[in-house]
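Topology and contacts: notes
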Amino acid sequence: MNDFSKGKVWRNIIAQAAPLTVAQLVQLFYNIVDRIYIGHLPGTDHMALTGIGLTFPVITLIAAFTNLFGMGGTPLFSIARGERNEAKAEQIMGNVCSLIITTSFFIFGVCYLLKRPILYLFGASDASYMYADAYLRIYLFGTVFSMLATGMNGFINAQGFPKIGMITTIIGAVMNLILDPVFIFVLDMGVSGAAAATVISQAVSALWVMRFLTGKKTLLRIRKKNLKINWKLACSIMGLGLSGFIVQATNCLVQIVCNIRLQTYGGDLYVGIMTVLNSVREVLSLPVYGLTSGCQPVLGFNYGAKEYGRVKAGIRFTAGIGILYTFLAWVFVMMSPHFLISIFTNDKNMILYGSHALQSYFFGFCFMAFQFVGQCTFQSLGYARRAICFSLLRKVVIVVPLTWILPVCGMGVNGVFAAEPLSNFIGGLACFCTMWMTVYRKIGDGN
């Protein structure tokens, strides 16, 4: 279904979201599988997992710049398609490709040269640094592959080829699943082997994406003439993608602050526990993230085609399913914390203390869906400033200050874990209610 103005809106959303969610789940396995293997490495206790957790801010920063261009360009691309302006759509896609490649080399250079002070800034101890460094110094070589595979894959989905987009990540993930035990255990490379397997897998995914988008099977393709950056267009791309960038960049900031406070009040053990909690959150957040990502091209296309009734129907459907899912996920976490922690580690202390932390961290998880739906709507319809505002509100205005202040107020490490649910409640409701009052209710019911 390449024309999103035809057929049932909810079917179009599901048709996009289902394979996209599977693709993102498989993509997530790149890092999740690494953590599971590393968490069960013999003789490392929780220290190897703690070291991996220290690299999260860098990995998140790479994702932030990917979002800046990929998530900024994809809605503009969908709107241009809805307007039947294929030349503009191809120019957008070509510019995004060039921006991603240029930025990836800059990120690699800065992070590689400064990785030691960066890791200590992020909360590393002398004991955990060796594991963090072993992973990051190899992982950084895959920066360009990671950004291309993730950032450009959205243009495959936006053209109505979600199954091809799903295959993109399946190919890389299957390779990662096979290579991880080989590099980690057979070749006895440990943490470095996990990073090497990830880089090779990301390279294969990136090659697949670029081959499809430059080939004959796609509707719109990357052309050499469109690779020259048009800075006016680039500003529009980055302006719309800024909300996605801020979401990830502020996630990076939160991870840094969390690691610092946990190192201060709990030591390496709690930094490792946060690594597990972040992993569980990524997995459980993925379906609602896939749903909102899948609805973006549908909302954007119909908005560009002035099918406003279909836009409102899409928002209602996405909100209902997202809230229902996150409520059920919350119940699941409350009932099985030991099981979820034990997937990532067999360390008894980490399972014991991590189970309580997990329940605190995920309290009121359903309110996260309100944030996702509000952000998705703002971004899909081109309301960049509002999307940016609420990205900053939840992370910078709410989470970071609470993460820093609550431990001082007698809560210790529990204060770090309590900051997340409080931000979901306050920020999520504020974002969704504002979207409903200022966008949804003002969209016309017809052409």
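Before going into details, it helps to say that this report is about the structure given with it. (Residues numbered from 1 in each chain as written. Predicted model: local features only at pLDDT ≥ 70, side-chain atom pairs only at ≥ 80, totals over all residues. Heavy atoms only, no water.)

A separate point is a nonpolar patch on the surface. Judged by side-chain polarity, Val174, Leu177, Ile178, Val182, Phe185, Val186, Leu187 and Met189 come together as a nonpolar surface patch covering roughly 680 Å² of accessible area. In this structure, valine 182 sits in helix α8 (residues 162-186). You can call valine 182 partly exposed: its relative accessible area is 32%. (Patch = residues over 30% accessible without salt bridge, like charges linked within 9 Å, V, L, I, M, F, W, Y side chains within 5 Å. Areas by Shrake-Rupley, 256 points an atom, 1.4 Å probe, with all protein chains shown as cover. Salt bridge = Lys/Arg side-chain N within 4 Å of Asp/Glu carboxyl O. Helix = DSSP H or I, 4+ residues; strand = E, 2+ residues; numbered from the N terminus. Buried < 20%, exposed > 50% of the residue type's maximum accessible area, 1.4 Å probe, protein only.)

Where helix α7 (residues 143-158) meets α8, the closest approach of the two axes is 7 Å, and the angle between their N-to-C directions is 155°. Here α8 runs roughly antiparallel to α7, going by the angle between their axes. As α7 packs across α8, the resulting crossing turns out to be right-handed. For the pair α7 and α8, contact is made by Asn153, Ile156 and Asn157 and by Pro162, Ile164, Gly165 and Thr168, respectively. When grouped by side-chain class, the residues that make up the contact of α7 with α8 number three nonpolar, four polar and no charged. (Axes fitted to C-alpha atoms, helices over the stretch in contact; angles between N-to-C directions. Parallel < 35°, antiparallel > 145°, perpendicular 65-115°, else oblique. Left-handed = near helix turned anticlockwise from the far one by under 90°. Contact = heavy atoms within 4.5 Å. Nonpolar A, V, L, I, M, F, W, Y, C, P; charged D, E, K, R; others polar.)

Scanning the entire structure with this criterion turns up five salt bridges. Of the charged contacts in the structure, one is a salt bridge between arginine 35 and glutamate 282, with a shortest N-O distance of 3.2 Å. Residue arginine 35 is located in helix α1 (residues 9-39), and its partner glutamate 282 is located in helix α11 (residues 268-304); the two are separated by 247 residues in the primary sequence. Residue classification places arginine 35 among the buried positions, given a relative accessible area of 3%. Measuring nitrogen to oxygen at the nearest pair gives 3.9 Å for the salt bridge that ties lysine 115 to aspartate 133. Within this pair, whereas lysine 115 is found in helix α5 (residues 115-121), its partner aspartate 133 is found in helix α6 (residues 126-139), the two being separated by 18 residues in sequence. Among the charged side chains, a network of salt bridges with common partners joins Lys115, Asp133 and Arg137.

Before going further, it helps to examine the packing of aromatic side chains. One pass over the full model with this rule turns up 23 aromatic pairs. Taking 5.8 Å as the distance between ring centres and 70° as the angle between the ring planes, the aromatic pair formed by tyrosine 361 and phenylalanine 362 counts as edge-to-face. By relative accessible area, tyrosine 361 is classed as buried at 7%. An aromatic cluster is defined as three or more aromatic residues linked by ring pairs; in this entry it consists of Phe367, Phe370, Phe425, Phe432, Trp436 and Tyr440. Here the guanidinium or amino end of arginine 116 rests over the ring plane of tyrosine 129, the centre of that ring lying 4.9 Å away. Positioned above the aromatic ring of tryptophan 404, the side-chain terminus of arginine 261 is 3.9 Å from the ring centre. (Phe/Tyr/Trp six-rings, centres within 6.5 Å; stacked < 30°, edge-to-face > 60°. Lys NZ or Arg CZ within 6 Å of the ring centre and 35° of its normal.)

Let us now look at the environment of isoleucine 184. Inspection of the secondary structure assignment puts isoleucine 184 in helix α8. Expressed as a C-alpha distance, the spacing of isoleucine 184 and alanine 197, which sit 13 residues apart in the sequence, is 8.7 Å. Those residues in contact with isoleucine 184 that sit more than four places away from it in its chain are Tyr37, Leu41, Met189, Gly190, Gly193 and Ala194.

Moving on, we get to unusual backbone geometry. Keep in mind that most residues, glycine aside, have a negative phi and that most peptide bonds are trans. Positive phi, close to 65°, is recorded for arginine 84, a residue that is not glycine. The residue arginine 84 is located in the loop between α3 (56-82) and α4 (86-113) in this model. The phi torsion at aspartate 188 lies on the positive side, around 55°, for a residue other than glycine. Mapped onto the elements, aspartate 188 comes out in the loop between α8 and α9 (190-213).

Now for the side chain of threonine 60. The topology assignment puts threonine 60 in helix α3. Discounting residues that sit within four places of it in the chain, threonine 60 has contacts with Gln248, Asn251, Cys252 and Gln255.

What follows deals with the packing of helix α12 (residues 308-335) against helix α15 (residues 368-380). At their nearest, the axes of α12 and α15 sit 8 Å apart, and the two run at 155° to each other. Taken as axis vectors, α12 and α15 run roughly antiparallel relative to one another. Where α12 crosses over α15, the handedness of that crossing is right-handed. Between α12 and α15, the residues in contact are Ile315, Thr318, Ala319, Gly322, Ile323 and Thr326 and Met368, Ala369, Phe370, Val373 and Thr377, respectively. Of the residues assigned to the contact of α12 with α15, the class counts are seven nonpolar, four polar and no charged.

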